[in-house]
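Fold and contact review
What follows is the residue order along each chain.
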Amino acid sequence: MKTIYLAGGCFWGVQKYFDQFEGVLGTEVGYANGEKENPSYYDVCHSSGHAETVRIDYDENIISLTELLKKYFLIIDPLSYNRQGADWGIQYRTGIYYTDPADLPEISAYYNELEQEEIRRSGEPFAVELLPLSNYYPAEEPHQKYLDKNPGGYCHIPKRLFAGNNF
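To keep things clear, this report deals only with the structure shown in the data block. (Residues numbered from 1 in each chain as written. Predicted model: local features only at pLDDT ≥ 70, side-chain atom pairs only at ≥ 80, totals over all residues. Heavy atoms only, no water.)

**Looking at the packing of aromatic side chains**
For clarity, the cut-off: The criterion for an aromatic pair is that two Phe, Tyr or Trp rings (for Trp, the six-membered ring) have centres within 6.5 Å, with stacked assigned to planes under 30 degrees apart, edge-to-face to planes over 60 apart and tilted to the rest. A positively charged side chain is recorded as over a ring if its NZ (Lys) or CZ (Arg) lies within 6 Å of the ring centre. The angle to the ring normal must also be within 35 degrees.
Across all of its chains, the model carries 13 aromatic pairs by this definition. By way of ring pairs, the aromatic residues Tyr72, Phe73, Tyr110, Tyr111 and Phe126 are connected into one cluster. Geometry around Phe21 places Lys71 over its ring, the cationic atom sitting 4.2 Å from the centre.

Next up, the structure:
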C-alpha cells in the first residue's frame, strides 16, 4: 500500500471522486501543510494556511501513482490560484503532497510534462503546489464521506465524472 495527499479545492468532491476507482483502498479528508497544529474546519476557513486535502491509500499493483495524477488533473484547474469552482481562499489551493521521496521522480516527470504543455499552450505555469507533506490533520467526522451523507451537497467536480452520478 502507498499513500499520496492531493489538494484539489473542496475536499468533499475530491474524496468521492477518488473513492470510485479500483485500487484506491481508502480515503480520508483533512488539512495539510498549514501553520496551526490540529486545526478545526473553522480555523482552516479563517486563514490557518492549511489546504483541504484528501489522503489516498492505494495499491500500486492495481493503480499507479501516475494514473492517480492523471485522474487528479481531470478535476482541477491547474492554473487557478487558491480557487477551484466557486470556492476561493488559501484552503482551496491545489497541491500534490508526498511522503515518500522515492515517489518524487514519478510525480515530477508527469507534472513537468503537463506543465510544459500548458506553458506552450497558454504561457501560464501551474498554480499546483508540489511539495513534501509537512503536516496533515484529519478533518472532523461530519466532513468524512460528506457527499455520501449529503447527496445534494455542493461539488465543483462535474457530475459526469462520477460513476453512477448518484449525488
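Past the structure itself, the notes keep going.
**Description of unusual backbone geometry**
Worth spelling out the cut-off: Under the DSSP-based scheme used, a helix requires at least four consecutive residues in state H or I and a strand at least two consecutive residues in state E, with every element numbered from the N terminus. Here's how the labels work: a residue is buried when its accessible area is under 20% of the maximum for its type, exposed when over 50%, partly exposed in between, all with a 1.4 Å probe on protein chains only.
Positive phi outside glycine occurs at Asn33, with the angle close to 55 degrees. Residue position: Asn33 is located in the loop between strand S2 (24–32) and helix H2 (41–45). With a phi angle near 55 degrees, Asn82 is a residue other than glycine that sits in the positive phi range. Checked against the element boundaries, Asn82 lands in the loop between helix H3 (65–74) and strand S4 (83–84). Classification of Asn82 by relative accessible area gives buried; the value is 16%.

**Here we look at the nonpolar core**
To keep things clear, this is the line we draw: Nine residue types can take part in a nonpolar core, namely buried Ala, Val, Leu, Ile, Met, Phe, Trp, Tyr and Cys, and a core is a set of them joined through side-chain atoms within 4.5 Å.
Formed by 39 residues in total, the largest nonpolar core has its most connected members in Ile4, Phe18, Phe73 and Ile96. Counting six residues, the second-largest nonpolar core is a separate cluster that includes Ala7, Ala32, Ala51 and Tyr136.

**Here's the deal with the sheet that holds strand S7 (residues 129–132)**
Just so we agree on the cut-off: Pairing between two strands is assigned when DSSP locates at least 2 bridges connecting them. Axis angles are defined between N-to-C directions and span 0 to 180 degrees, where every axis is a line fitted to C-alpha atoms and, for a helix, only to the segment in contact. Contacts are assigned to residue pairs with any non-hydrogen atoms lying within 4.5 Å of each other.
Pairing within the open sheet is mixed, and its six strands lie in the order S7-S6-S1-S3-S2-S8. This sheet does not close on itself; its edge strands, each paired only once, are S7 and strand S8 (136–138). Strand-to-strand twist across the sheet, computed as the mean angle between neighbouring axes with direction ignored, equals 35 degrees. Across four bridges, strand S1 (residues 2–8) lies against strand S6 (residues 94–98) in antiparallel orientation. Residue pairing for S6: Tyr5 is matched across the bridge by Tyr97. In this fold helix H1 (residues 11–19) packs onto S1, S2 and strand S3 (51–58), with an angle of close to 165 degrees to the strand it touches most, S2. Taken strand by strand, H3 contacts S1, S2, S3 and S6, and its axis lies near 15 degrees from that of S1.

**A short note on the pairing of S1**
Burial analysis of S1 places six of its seven residues in the buried class, which makes it a mostly covered element. Here five bridges tie S1 to S3, and the two strands are oriented antiparallel to one another. Across the sheet, residue Leu6 finds its bridge partner in S3, namely Val54.

Bear in mind that shape data such as this cannot, by itself, settle questions of function.
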